[in-house]
Amino acid sequence: MLREILFPWALMTVSALSLPVTIIKFLVAGDLHAFTSWSTFRDAWFAVFWINVGPLAKQTAAPNVIPLLQGRLKDGKVQEKVVSQPLHGTVLEIGRGVGMWTQFYKKTIDEAEKDGTAGPDTIYASEPNRFLASTLRKHVKTASLEEVYHVLPIGVEGLGNATASGAKIEPESLDCIVTVQGLCCIPEPEKNLPLLYQYLKRGGHWYVFEHVRNDESPLISGIQSFTEIFWKPMVCCHLCRDTAKALRSLGKWEEIDLAPPQGESPYEMIPHIVGTLVK
Ligand SMILES: C[S@@+](CC[C@H](N)C(=O)[O-])C[C@H]1O[C@@H](n2cnc3c(N)ncnc32)[C@H](O)[C@@H]1O
Ligand SMILES: *[C@@H]1O[C@H](CO)[C@@H](O)[C@H](O)[C@H]1NC(C)=O
C-alpha cells in the first residue's frame, strides 16, 4: 500500500526536477517565447515532464490500450478473440500528447487493409500544448502516417471552431473517440464531455482508458484528495475525477462496458477504468 501511496509523489518529484531543466533548456535554445506567460511556461514545463514520463506511461497503458482498440477487451479483461468492433472510420483522439499510438494506428490501418476489414481512415488528434508538436511530428513521420493523421493544435473546447482547429468537427460526424489518459486533463468536463458525445455518430464507439478517483478504499480516496492539492499544479491533471459516472450520464448509450483493468490493487492511487461506450 505504501508503494501505491508514494507513486504520485515520485511522479511529482520528476515534475519538480523538470522545472529547472525547462528553464535551462529554453534559455539555452534562446526560445524566450516559453517565458511570455505563466500558461505558456506551464505548457513548456509539462512538455519536458511528459517527454520523459510519457514512454513509461505508454508501457503501463499498452497492455490494456492495445486490446481495447483492437476490440479484444470486455469487463476490464483482455480477450483472446475480437469481441467488439475495433477502431474504425473517422477517429478523434483527445489529448494525444506526443502521439504515443501512431505506430499502433499505422499497424492497424495496414492490417485492416490487408484483411479487407474496416480500419481507421482519418484520425484527428487534438492537443493544445504546442511544445509537444515537434516530437509528435517526428512520430507521425516515423510511422508514415501523414496522410491519415490530422494534427489539431487545439483542445477539446475549440474543436467546433474551424479557424482555430484547422478542421471543424461536426456533430454526429465521428465513428470513434479515443481518450487515453486525456480526460484527467481537460478543463470543464461538465461542458466539454457533452460536446464530445455530440460529435459521436449514433453507433459510434468511445474507447476509454483513464485514471480516476479511487472508490474502493475510503482511506486511499482521502489520501488522493490530499495529494491532488499538490498533484494538480505539478502534473496539470486531476486525480479524483469520477470519469465513469460522467461518461455514463452523458446521454443514451446502446452499450457501456467500463471496468477497472485486471490486476490493479484496491489501494491504487492512480486507478484506471478501461472499456468502450457505444452511442
Ligand atoms: C497525461 S497526457 C496523455 C497524453 C497521451 N494521451 C498519452 O497517452 O501519452 C494528457 C494530455 O492532455 C492534454 N490536454 C490538456 N488540456 C487539453 C484540452 N483542453 N483538450 C485536449 N487535450 C488537452 C495535455 O496537454 C496532455 O498532453
Ligand atoms: C475561433 O478561433 C479563432 C482563432 O483562434 C478566434 O479568433 C475566434 O474568436 C474563435 N471563434 C469562436 C466562436 O470562439
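Residues numbered from 1 in each chain as written. Chains lettered and ligands numbered in written order. Predicted model: local features only at pLDDT ≥ 70, side-chain atom pairs only at ≥ 80, totals over all residues. Heavy atoms only, no water.

Novice: For this particular structure, what's the right way to read the pairing of strand 6 (residues 174-180)?
Specialist: The two faces of the sheet receive side chains in turn, since in a regular strand these alternate between them. Among the 7 residues of strand 6, 7 are classified as buried, and the element is accordingly described as predominantly covered. The pairing of strand 3 (residues 89-94) with strand 6 spans 4 bridges and is parallel. Bridging across to strand 6, V91 finds its partner in C176. One ladder, built from 6 bridges, connects strand 6 with strand 7 (residues 200-211); its direction is parallel. Bridging from a neighbouring strand, V180 pairs with F209 of strand 7. (Buried < 20%, exposed > 50% of the residue type's maximum accessible area, 1.4 Å probe, protein only. Helix = DSSP H or I, 4+ residues; strand = E, 2+ residues; numbered from the N terminus. Pairing = 2+ DSSP bridges.)

Novice: Explain the UniProt feature "transmembrane region" (unreviewed entry) in the protein chain to me, please; I cannot follow it from the model alone.
Specialist: On the UniProt side, "transmembrane region" (unreviewed entry) is annotated at positions that read residues 6-28 here. Helix makes up 100% of residues 6-28 and strand 0%. Its end C-alpha atoms lie 34 Å apart. (UniProt positions renumbered as here; feature names shortened; annotations may be inferred.)

Novice: In this structure, what is going on with the packing of helix 1 (residues 2-28) against helix 2 (residues 38-69)? I would like to understand it.
Specialist: Two quantities define a packed helix pair, namely the angle between the axes and the distance from one axis to the other. Relative to each other, helix 1 and helix 2 sit at 120°, their axes nearing to 8 Å. Of the possible angle classes, the one that applies to helix 1 and helix 2 is oblique. Handedness of the helix 1/helix 2 crossing: right-handed. Judged by residue contacts, L11, V14, S15, S18, L19, V21, T22, I23, K25 and F26 of helix 1 engage F41, A44, W45, V48, F49 and V53 from helix 2. Grouping the constituent residues of the contact of helix 1 with helix 2 by class yields 12 nonpolar, 3 polar and 1 charged. (Axes fitted to C-alpha atoms, helices over the stretch in contact; angles between N-to-C directions. Parallel < 35°, antiparallel > 145°, perpendicular 65-115°, else oblique. Left-handed = near helix turned anticlockwise from the far one by under 90°. Contact = heavy atoms within 4.5 Å. Nonpolar A, V, L, I, M, F, W, Y, C, P; charged D, E, K, R; others polar.)

Novice: How do you make sense of the sheet that holds strand 9 (residues 272-278) when you look at a structure like this?
Specialist: What holds strands together in a sheet is hydrogen bonding between their backbones, with the strands either parallel or antiparallel. Across the sheet, which stays open at both edges, the 7 strands sit in the order 5-4-3-6-7-9-8 with mixed pairing between neighbours. Two strands lie at the open edges of the sheet, namely strand 5 (149-152) and strand 8 (255-259), each paired on one side alone. Strand-to-strand twist of the sheet, defined as the mean angle between neighbouring strand axes without regard to direction, takes the value 15°. Helix 2 contacts strand 6, strand 7 and strand 9 of the sheet and is inclined by roughly 170° relative to strand 7. Relative to the sheet, helix 6 (residues 189-199) contacts strand 3, strand 6 and strand 7, its axis offset from that of strand 7 by approximately 140°.

Novice: What's the story with the site of ligand 1 in this structure? I'm lost.
Specialist: Around ligand 1, a shell composed of 21 residues is seen, among which G95, M100, E127, E157 and V180 lie nearest. Note that a nitrogen atom of ligand 1 is positioned 2.9 Å from one of the side-chain N or O atoms of E157. One nitrogen or oxygen atom from the main chain of V180 is found 2.8 Å from a nitrogen atom belonging to ligand 1. Out of a free accessible area of 590 Å², ligand 1 has 92% covered by protein chains. (Near = heavy atom within 4 Å. Polar contact = N/O pair within 3.5 Å; in protein donor to acceptor, adjacent residues only side chain to side chain. Areas by Shrake-Rupley, 256 points an atom, 1.4 Å probe, with all protein chains shown as cover.)

Novice: Hey, could you run me through the nonpolar core in this one?
Specialist: It is characteristic of soluble globular proteins that their nonpolar side chains tend to be buried jointly. In this structure, L69, L87, W101, Y105, Y149, V178 and W231 are the most contacted members of the largest nonpolar core, which totals 55 residues. Looking at this core, the elements with two or more residues in it are helix 1, helix 2, helix 3 (102-115), strand 4 (120-126), helix 4 (133-142), strand 6, strand 7 and helix 7 (218-235). By residue number, the principal contributor to this core is helix 2, which donates 15 residues. Among all residues touching L69, those that are not within four sequence positions of it are P86, L87, F104, Y105, V178 and Y207. Judged by nonpolar contacts, the second largest core, of 27 residues, contains I94, W206, V208 and L277. (Core = buried A, V, L, I, M, F, W, Y, C linked by side-chain atoms within 4.5 Å.)

Novice: Teacher, can you tell me more about the environment of L250 here?
Specialist: Within the fold, L250 resides in the loop between helix 8 (243-248) and strand 8. When its relative accessible area of 17% is taken as the criterion, L250 is described as buried. Remark: the alpha-carbon pair of L250 and Y197, spanning 53 residues in sequence, is separated by 6.9 Å.

Novice: Just to check I follow, could you spell out the pattern of salt bridges for this structure?
Specialist: Between side chains of opposite charge, pairing is possible as soon as their charged atoms come close. Per the counting criterion, the structure on display carries 7 salt bridges. A salt bridge links D110 to K106; its shortest N-O distance comes to 3.5 Å. Placement of both D110 and K106 in helix 3 is noted, with a separation of 4 residues, approximately one turn of the helix. Take D110: its relative accessible area is 36%, and that puts it in the partly exposed class. Judged by its relative accessible area of 24%, K106 falls in the partly exposed class. In the salt-bridge network here, residues are joined through shared partners; they are R213, D215 and D242. (Salt bridge = Lys/Arg side-chain N within 4 Å of Asp/Glu carboxyl O.)

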